[in-house]
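Letter by letter, the chains look like this.
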Amino acid sequence: MARIPTVRPSPPDNECCPLCIGHEDRELIWHDLANAYVCLGCRHEIDCGLDFDQQPTIDNYNCYDTIERLLEFLGISYAELQRRNNSKE
């Protein structure tokens with residue numbers, strides 16, 4: 001099945017990562033699952049957080065809150081995030 005290409009807006013000027021509160025890192029990169037530009041730290045935490053079968057918690061992933069913020073940002077469940085991640089592979 002052909003994938004619809006992702007439309008990427010121009011990188012934002014002087015904007016913060018939408019998943020970080022008070023984060024000073026201004027180097028943002030596009031993340032397809034977030035459908036937004038995120039900082040390098042959040043990108044890494046998202047990618048590692050997708051390795052769990054169930055939504056990670058504070059007991060098994062120290063960056064679980066990044067996954068929670070991403071789910072809230074997108075308005076989806078962890079199962080839907082996993083489905084979207086698996087469909088892009």
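Residues numbered from 1 in each chain as written. Predicted model: local features only at pLDDT ≥ 70, side-chain atom pairs only at ≥ 80, totals over all residues. Heavy atoms only, no water.

S.K.: So, the packing of helix α1 (residues 40-49) against helix α2 (residues 64-74): which residues are in play, and what are the values?
M.R.: It is the contact of α1 with α2, at a shortest axis distance of 9 Å, that shows an interaxial angle of 95°. Put simply, α1 runs roughly perpendicular to α2. Contact residues: α1 offers Cys42, Glu45, Ile46 and Gly49, while α2 offers Thr66, Ile67 and Leu70. Broken down by class, the residue content of the contact of α1 with α2 amounts to four nonpolar, two polar and one charged. (Axes fitted to C-alpha atoms, helices over the stretch in contact; angles between N-to-C directions. Helix = DSSP H or I, 4+ residues; strand = E, 2+ residues; numbered from the N terminus. Parallel < 35°, antiparallel > 145°, perpendicular 65-115°, else oblique. Contact = heavy atoms within 4.5 Å. Nonpolar A, V, L, I, M, F, W, Y, C, P; charged D, E, K, R; others polar.)

S.K.: Give me the lowdown on the pattern of salt bridges, citing residues and values where you can.
M.R.: Applying the stated rule across the entire model yields four salt bridges. The partner of arginine 69 in a salt bridge is aspartate 65, with the nearest N and O atoms 3.1 Å apart. Taken together, the positions of arginine 69 and aspartate 65, both in helix α2 and four residues apart, correspond to about one turn of that helix. For arginine 69, a relative accessible area of 26% puts it in the partly exposed group. In this structure, the salt-bridge partner of arginine 83 is glutamate 80, at a minimum N-O distance of 2.6 Å. Taken together, the residues span about one helical turn, with arginine 83 and glutamate 80 both in helix α3 (residues 78-88) at a distance of three residues. Residue glutamate 80 is classed as partly exposed on the basis of its relative accessible area of 21%. Bridged by salt links that share partners, the residues Glu80, Arg83 and Arg84 form one connected network. (Salt bridge = Lys/Arg side-chain N within 4 Å of Asp/Glu carboxyl O. Buried < 20%, exposed > 50% of the residue type's maximum accessible area, 1.4 Å probe, protein only.)

S.K.: Go over the packing of aromatic side chains, please, and point to the residues and values.
M.R.: Applying the stated criterion across every chain, the model contains two aromatic pairs. Measuring from ring centre to ring centre gives 5.1 Å for tryptophan 30 and tyrosine 37, while their planes differ by 75°; the resulting arrangement is edge-to-face. Here the two residues tryptophan 30 and tyrosine 37 agree in accessibility, since each one is buried. When the centroid spacing of 5.4 Å and the interplanar angle of 55° are considered together, the rings of phenylalanine 52 and tyrosine 61 count as tilted. Here the two residues phenylalanine 52 and tyrosine 61 agree in accessibility, since each one is buried. (Phe/Tyr/Trp six-rings, centres within 6.5 Å; stacked < 30°, edge-to-face > 60°.)

S.K.: Account for α3, with residues named and values stated.
M.R.: Each turn of an α-helix holds 3.6 residues, which means side chains three or four residues apart point in the same direction. Looking at α3, one finds that the buried residues are Tyr78, Leu81, Gln82 and Asn85. Projected down its long axis, α3 carries its buried residues within an arc of 100°, all on one side. Packed against the buried residues of α3 are α1 and α2. (Arc of directions from axis to C-beta.)

S.K.: How would you explain the environment of serine 77 if you had to name every residue and give the values?
M.R.: Topologically, serine 77 is positioned in the loop between α2 and α3. Its relative accessible area of 40% is what places serine 77 among the partly exposed residues. As for serine 77 and glutamine 55, which are separated by 22 residues in sequence, their C-alpha atoms are 8.7 Å apart.

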